[in-house]
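# Observations on the model geometry
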Amino acid sequence: MGVRCLRCKGSAVSQSLAQVFNKHVDKNQSLKIYELSSRGSCFQCLQQSIHQLTFSEYFDDVPLGVFYNDTQCQDVQQLTYVNNQFDVCTSLEVFEHVEDDLKGFRNL
């Protein structure tokens, strides 16, 4: 699991997600994507794509939906977005930090 891509520094997990994403998404199709973080190789790849990317982080001391340093505060357990706003939601290394991960998955 310590193997990283020399080009993008992506982990084996992020490389796997990228392969699945590239296999199942039409390269000319622009999707509305929600990524639950604002860093990492997958985020950087999505940021450079043709897709419409929305991203967030959870900040303990910032109200949900409010921006802090250009990043919106969201809690996956109680997102402030309207239903069906996104075509795809991605998340790497986030859910292990979510108190009630089942509630988060249901909310997505």
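Quick note: structure is the one above.
Residues numbered from 1 in each chain as written. Predicted model: local features only at pLDDT ≥ 70, side-chain atom pairs only at ≥ 80, totals over all residues. Heavy atoms only, no water.

This part covers the overall build of the protein chain. Within the protein chain one finds three helices and five strands. For the protein chain, the α and β elements follow one another from N to C terminus as α-β-α-β-β-β-β-α. Overall, the protein chain is about 35 × 35 × 30 Å in size when its C-alpha atoms are taken along their principal axes. Counting across all 108 residues of the protein chain, residues that qualify as buried make up 34%. Counted over contacts in the protein chain with a minimum sequence separation of 6, partners at least 24 positions apart contribute 39%. Within the structure as shown, the protein chain displays about 7,600 Å² of accessible surface, and the carbon and sulfur contribution to it stands at 49%. (Helix = DSSP H or I, 4+ residues; strand = E, 2+ residues; numbered from the N terminus. Buried < 20%, exposed > 50% of the residue type's maximum accessible area, 1.4 Å probe, protein only. Contact = heavy atoms within 4.5 Å. Areas by Shrake-Rupley, 256 points an atom, 1.4 Å probe, with all protein chains shown as cover.)

With that settled, the discussion passes to the pattern of salt bridges. This model, assessed by the stated rule, comprises one salt bridge. A salt bridge links Arg39 to Glu57; its shortest N-O distance comes to 3.3 Å. Placement of Arg39 in the loop between β1 (32-35) and α2 (41-47) and of Glu57 in strand β2 (residues 52-57) is noted, with a sequence separation of 18 residues between them. According to the relative accessible area criterion, Arg39 is exposed, its value standing at 59%. Since its relative accessible area comes to 12%, Glu57 is described here as buried. (Salt bridge = Lys/Arg side-chain N within 4 Å of Asp/Glu carboxyl O.)

This paragraph deals with the sheet that holds β1. The strand order across the open sheet formed by five strands is β3-β4-β2-β1-β5, and the pairing between neighbours is mixed. Either end of the sheet is taken by a strand with one partner, and the two such strands are β3 (67-68) and β5 (88-90). (Pairing = 2+ DSSP bridges.)

A positive phi is found at Asn69, a non-glycine position, where the angle reads about 50°. Residue position: Asn69 is located in the loop between β3 and β4 (71-73). The phi dihedral of Asn84 falls on the positive side, at around 60°, and the residue is not glycine. Within the secondary structure, Asn84 is located in the loop between β4 and β5.

It is worth spelling out the packing of aromatic side chains at this point. Scanning all chains against the criterion turns up six aromatic pairs. Ring centres of Tyr81 and Phe86 lie 5.1 Å apart, and the angle between their planes is 90°; this geometry places the pair in the edge-to-face category. Phe86 carries the same exposure label as Tyr81, and that label is buried. Ring-pair connections join several aromatic residues into one group, and the members of that group are Tyr34, Tyr81 and Phe86. (Phe/Tyr/Trp six-rings, centres within 6.5 Å; stacked < 30°, edge-to-face > 60°.)

Relative to β2, β1 runs parallel, the two being bridged by four bridges. Among the inter-strand pairings, Lys32 is bridged to a residue of β2, identified as Gln52. Chirality of the crossover, the property in question, places the unit of β1, α2 and β2 among those that are right-handed. The sheet contact formed by β1 and β5 spans three bridges and is parallel. When the bridges of β5 are listed, Tyr34 appears paired with Cys89. (Right-handed = clockwise from strand over helix to strand, strands pointing away.)

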